[in-house]
Amino acid sequence: MRNSTSIFIRLLWVPSPRPSPGGRGRNAPRRLARLRAVSAQQPSEFLKAGNGCSLSSGERVWGRRTQKFLCSLFFCVLILSLHAQDAVTTLAGQALVSGAVNGTGTNAAFSDPAALVADVNGNLFVADSQNHAIRKITTNGVVTTFAGQLGVAGSAPGTGTAAQFNSPCGLAFDQAGNLYVSDTGNNLIRKITHSGAVSTVAGVAGAGGFLDGATGSALFSSPLGIAVAPNGTVYVADSGNHCIRKISGGVVSTFAGSPQVWGSADGKGPQAQFNGPVGLVFDSRTNLFVSDANNDTIRKIAPDGTVTTFAGAAGLDGAADGDLSSARFRSPAELTFDRQGSLFVADSLNQTVREISMNGIVSTVCGAAGIYGLDDGMNGAGKFFNPYGIVVAADGSLRVADTYNELVRTVLVPFRLTLQISGSPPAATLSWDAVIGKQYQVQFKNDLAAAWANLGASVTATNLNLNATDNNGAGPQHFYRVLVTP
């Protein structure tokens, strides 16, 4: 390989947590005053390197149902972070209709869907908080009730719909495939086995408070986010107690934070402080990331319990993109990592989805800061109304619990496109991250004024990576674009 050009494109979107009626945590999904600030869209432009070679930064012209990325290559070495397009569609639910209906896609109905999690088979599970149930969405969009009685709050154990929950807001799988639930209104941590059997792991039903100790007597206060470490230890964002709890070996202990004392101090274990923590997620090195909602920050807890502020600034909310210290959030909710290590944030009161790249840059994937709505659309046209839950699906797309719209949405993130030149005579090879099941078409032209031509036939992705080679890419300049149908 003589020369290579790599283009990294990212996409953003927005969520927000809501005030809790009786029995619900302060940062559980809730209805809030509507904000009205608009973030400016950066226009498309050509970026020129010092040696005179250039790349287009992502075409903002859209076909009716296609997502486009355009690049031009002047046989040089250049690596750039570029703006591109997002796409937001509705997977399941009826916009602004609160209900308790099973069915396929938009025939189903939810009531304030909160956390989302995906199993190894690609099924999606939803903490349907005000239906007091855990719902399941299969890979073909069929919504069923996995556990709990739709519309009936309670704390009874049982199997499937014989069990009861009260405003569940957090979900996490362990490595054995058991589903753990933050049963927020009951102040319990529950477990659901493969067969749907529901039991209580820790806490006392209906007894909110703070107490470490044996799982049967320990107390929580509005537990929200939940994560399970590879060794099976369960971590809980104990939101009302402003700390992170740990469940291991039949004992509940405080992992980080000063119980019942809110603040923003970094430090180790009890020296650190949180203010209404919500989302939890582990990275590949078992660092635990926390959306510290009322501090408007993302925190990081090392395996030894040392807490640092990873992104944002405590007490300074906003919607600014940028590096970790200058970026701002507004009540961030759930978190998820993609397979490349980028962290996605449901930035609930900003009504957006944010991305924190591995090189420490925060950007907005989709949604419009402070603008709520229910529209599907591309290139910033998609809108949310208090997005809360977020997860990377097996097909490579994002799923978002759009809480106040009563929807589960699908987000196509602008993909990473790499362009390489190799061989003699030189050939151009394009490769990119794909979403399984989507159709991609590579196009090219040798002059900006020329019409686009297809580079081979379109391809439907069957895995998470695709590539295409132009064996005629030996001219003085070539322009390429990849179109995907959402």
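Residues numbered from 1 in each chain as written. Predicted model: local features only at pLDDT ≥ 70, side-chain atom pairs only at ≥ 80, totals over all residues. Heavy atoms only, no water.

Student: How do you make sense of the overall build of the protein when you look at a structure like this?
Tutor: Assigned secondary structure in the protein consists of zero helices and 42 strands. Counting contacts in the protein only where the partners sit at least 6 residues apart, residues at least 24 apart contribute 53% of the total. For the protein, the computed accessible surface area is about 17,600 Å², with 51% contributed by carbon and sulfur atoms. (Helix = DSSP H or I, 4+ residues; strand = E, 2+ residues; numbered from the N terminus. Contact = heavy atoms within 4.5 Å. Areas by Shrake-Rupley, 256 points an atom, 1.4 Å probe, with all protein chains shown as cover.)

Student: Would you explain the environment of alanine 401 in this entry?
Tutor: Here alanine 401 lies in strand E34 (residues 398–402). Along the primary structure alanine 401 and phenylalanine 385 are separated by 16 residues, whereas in three dimensions their C-alpha atoms are 9.7 Å apart.

Student: Which parts of the structure should I look at to understand the sheet that holds strand E14 (residues 179–183)?
Tutor: Sheets are built from strands paired through backbone hydrogen bonds, the pairs being either parallel or antiparallel. An order of E12-E16-E15-E14-E13 is seen for the five strands of this open sheet, with the pairing classed as antiparallel. One side of each edge strand has no neighbouring strand; the edge strands of this open sheet are strand E12 (158–159) and strand E13 (168–173). Pairing geometry for E14 and strand E15 (residues 188–192), over five bridges, is antiparallel. Across the sheet, aspartate 183 pairs through a bridge with leucine 188, a residue of E15. (Pairing = 2+ DSSP bridges.)

Student: How should I be thinking about the packing of aromatic side chains in this particular structure?
Tutor: Centre-to-centre distance and the angle between the planes together describe a pair of aromatic rings. Applying the stated criterion to the full structure yields ten aromatic pairs. Arranged with centres 5.1 Å apart and planes meeting at 75°, the rings of phenylalanine 125 and phenylalanine 146 form a pair that is edge-to-face. In this pair, phenylalanine 125 is assigned in strand E9 (residues 124–128) and phenylalanine 146 in strand E11 (residues 142–147), connecting sequence segments 21 residues apart. Each ring, one from tyrosine 235 and one from phenylalanine 255, has its centre 5.1 Å from the other, and the planes form 70°; the classification is edge-to-face. Within this pair, whereas tyrosine 235 is found in strand E19 (residues 234–238), its partner phenylalanine 255 is found in strand E21 (residues 251–256), the two being separated by 20 residues in sequence. Residue placement shows arginine 190 over the ring face of phenylalanine 165; its charged tip is 5.1 Å from the ring centre. (Phe/Tyr/Trp six-rings, centres within 6.5 Å; stacked < 30°, edge-to-face > 60°. Lys NZ or Arg CZ within 6 Å of the ring centre and 35° of its normal.)

Student: How do you make sense of the sheet that holds E21 when you look at a structure like this?
Tutor: Strand order in the open sheet formed by five strands is E17-E21-E20-E19-E18, and the pairing between neighbours is antiparallel. This sheet does not close on itself; its edge strands, each paired only once, are strand E17 (213–214) and strand E18 (223–228). Across five bridges, the pairing between strand E20 (residues 243–248) and E21 is antiparallel. Across the sheet, residue serine 248 finds its bridge partner in E21, namely valine 251.

Student: Hey, could you run me through the pairing of strand E41 (residues 465–470) in this one?
Tutor: Within a regular strand, the side chains alternate between the two sheet faces. Every second residue of E41 is oriented toward a common face, the buried set being Leu466, Ala468 and Asp470 and the non-buried set Asn465, Asn467 and Thr469. Bridge count between strand E37 (residues 427–433) and E41: six bridges; the pairing is antiparallel. In the strand pairing of E41, tryptophan 432 is matched with leucine 466. (Buried < 20%, exposed > 50% of the residue type's maximum accessible area, 1.4 Å probe, protein only.)

Student: Sorry if this is basic, but what is going on with the pattern of salt bridges here?
Tutor: Pairing is possible between side chains that carry opposite charge, provided their charged atoms lie close to one another. Inspection of every chain in the model, using the stated rule, returns 13 salt bridges. We note a salt bridge from aspartate 128 to arginine 135, for which the minimum N-O separation is 2.6 Å. On the basis of relative accessible area, aspartate 128 is assigned to the buried category, the value being 0%. The salt bridge partner of arginine 245 is aspartate 238, with a shortest N-O separation of 2.6 Å. A single burial state applies to arginine 245 and to aspartate 238, both of which are buried. In the salt-bridge network here, residues are joined through shared partners; they are Asp212, Asp238 and Arg245. (Salt bridge = Lys/Arg side-chain N within 4 Å of Asp/Glu carboxyl O.)

Student: I keep staring at the layout of surface pockets and nothing clicks. Help me out?
Tutor: Gaps left between atoms are located by rolling a probe of water-molecule size over the structure's atoms. In this structure, the largest pocket occupies an estimated 1,100 Å³ of space. Lining the largest pocket are 39 residues, with Val117, Ala118, Ala172, Phe173 and Val391 positioned closest to its centre. Of all the elements, strand E28 (residues 332–337) adds the most residues to the lining of the largest pocket, at four residues. Of the residues belonging to the lining of the largest pocket, the class tally is 24 nonpolar, eight polar and seven charged. (1 Å grid on protein atoms, 1.4 Å probe; cavity = no way out; pocket = protein on both sides within 12 Å on 5 of 7 lines; lining within 4 Å. Points joined across faces, edges and corners; volume = space filled by probe spheres on them. Nonpolar A, V, L, I, M, F, W, Y, C, P; charged D, E, K, R; others polar.)

Student: Is there a simple way to think about unusual backbone geometry in this case?
Tutor: Only a minority of non-glycine residues have a phi that is not negative, and only a minority of peptide bonds are not trans. Positive phi values are uncommon outside glycine, yet aspartate 296 reaches one of about 60°. Not every positive phi belongs to a glycine, and serine 331 is a case in point at roughly 55°. By relative accessible area, serine 331 is classed as buried at 6%.

Student: When you look at the pairing of E37 in this model, what are you seeing that I'm missing?
Tutor: Among the seven residues in E37, five count as buried, and that is most of the element. As defined by bridge partners, strand E36 (residues 417–422) adjoins E37 across six bridges and the pair is classed as antiparallel. Across the sheet, threonine 418 pairs through a bridge with serine 431, a residue of E37.

Student: Help me understand the environment of asparagine 359, please; the structure alone is not making it clear to me.
Tutor: Following the sequence through the fold, asparagine 359 ends up in the loop between strand E30 (352–356) and strand E31 (361–367). Sequence separation of asparagine 359 and aspartate 323 is 36 residues, and the distance between their C-alpha atoms is 8.9 Å.

Student: Got a minute to help me understand the environment of serine 326 in this structure?
Tutor: By the secondary structure assignment, serine 326 is in the loop between strand E27 (322–323) and E28. Residues serine 326 and glycine 312 lie 14 residues apart in sequence; the distance between their C-alpha atoms is 6.5 Å. Reaching out from serine 326, the side chain makes a polar contact with the side chain of aspartate 323 at a distance of 2.7 Å. (Polar contact = N/O pair within 3.5 Å; in protein donor to acceptor, adjacent residues only side chain to side chain.)

Student: Got a minute to help me understand the side chain of asparagine 123 in this structure?
Tutor: Mapped onto the secondary structure, asparagine 123 falls in the loop between strand E8 (113–118) and E9. Once residues lying within four places of it in the same chain are set aside, the contact partners of asparagine 123 are Val117, Ala118, Lys136, Ile137, Thr138 and Thr139.

Student: Explanation requested: the nonpolar core in the structure shown.
Tutor: The tendency in soluble globular proteins is for nonpolar side chains to be buried as a group. Judged by nonpolar contacts, the single largest core of 33 residues is most densely connected at Ile134, Leu171, Leu179, Ile192, Val353 and Val411. Examining the composition of this core, we find that three residues originate from one element, E8, more than from any other. Those residues within four positions of leucine 171 in sequence are excluded, and the remaining contacts are Ala115, Val117, Phe125, Val126, Ala127, Ile134, Leu179, Tyr180, Val181 and Ile226. Counting residues in hydrophobic clusters, the runner-up holds 21 residues, among them Ile421, Ala468, Tyr480 and Val482. (Core = buried A, V, L, I, M, F, W, Y, C linked by side-chain atoms within 4.5 Å.)

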